[in-house]
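What follows is each chain in one-letter form.
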Amino acid sequence: MPSFGMLFAAILLVFALWWLKEMLGRWRSDLEELRDPQTEWIPRLCLIGLWLVTLVIAIAAFSFIISIVIMAMAGLRALL
């Protein structure tokens with residue numbers, strides 16, 4: 001039975017996938033900015049921080065998707 005917690009988790013998954021789409025679209029420009037010797041250290045630290053947050057979001061989204069797949073497979077197995 002769906003609950004408010006499941007709805008909240010689904011909304012978080014949608015936002016996580018949106019975040020990943022946006023960040024993966026800008027990885028080349030971020031890499032160029034990190035390699036540029038003219039870039040100051042504060043923007044570099046901000047970019048590194050954004051990519052660390054992106055890594056955490058990717059791990060959480062991946063684990064949530066895997067748990068959904070496992071629950072779906074368990075449900076299909078129960079039907080057999």
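See the structure printed just above.
One numbering rule holds for all chains: residues counted from 1, following each sequence as written. For a predicted model such as this one, the threshold for reporting local features is a pLDDT of at least 70, and the threshold for listing and counting side-chain atom pairs is 80 or more; totals across whole chains, interfaces and linings nevertheless cover every residue. Heavy atoms throughout the structure, all of them, feed into the side-chain values; hydrogens and water do not.

**A look at the pattern of salt bridges**
Side chains that differ in charge, positive against negative, can pair when their charged atoms come close. The working definition used for a salt bridge is a side-chain nitrogen of Lys or Arg within 4 Å of a carboxyl oxygen of Asp or Glu. Throughout the structure, instances matching the rule amount to 2 salt bridges. Residue Glu22 is joined to Lys21 by a salt bridge in which the shortest nitrogen-to-oxygen separation is 3.1 Å. For each residue, the accessible area found with a 1.4 Å probe, counting protein chains only, is set against the maximum for its type, and the residue is called buried under 20%, exposed over 50%, and partly exposed in between. Looking at Lys21, the relative accessible area reads 57%, which means it is exposed.

**Regarding the packing of helix α1 (residues 4-25) against helix α3 (residues 41-79)**
Their axes nearest at 9 Å, the elements α1 and α3 cross at an angle of 135 degrees. The orientation of α1 relative to α3 falls into the category oblique. The crossing of α1 and α3 is left-handed. Across the interface between the two elements, Ala9, Ala10, Leu13, Ala16, Leu17, Trp19, Leu20, Met23 and Leu24 from α1 touch Leu50, Trp51, Val53, Thr54, Ile57, Ala58, Ala61, Phe64, Ile65 and Ile68 from α3. Classification convention: Asp, Glu, Lys, Arg as charged; Ala, Val, Leu, Ile, Met, Phe, Trp, Tyr, Cys, Pro as nonpolar; all other residues, Gly among them, as polar. Of the residues assigned to the contact of α1 with α3, the class counts are 18 nonpolar, 1 polar and no charged. Inter-axis angles, ranging from 0 to 180 degrees, are taken between N-to-C directions of lines fitted to C-alpha atoms, where helices are fitted over the stretch in contact. Strands here are runs of E lasting at least two residues and helices are runs of H or I lasting at least four, both read from the DSSP assignment and numbered beginning at the N terminus. An angle below 35 degrees is treated as roughly parallel, one above 145 as roughly antiparallel, one from 65 to 115 as roughly perpendicular, and anything else as oblique. The handedness criterion is simple: a crossing whose near helix is rotated anticlockwise from the far helix by less than a right angle is left-handed, and one whose near helix is rotated clockwise is right-handed. Here, residues are in contact when the closest pair of their heavy atoms is within 4.5 Å.

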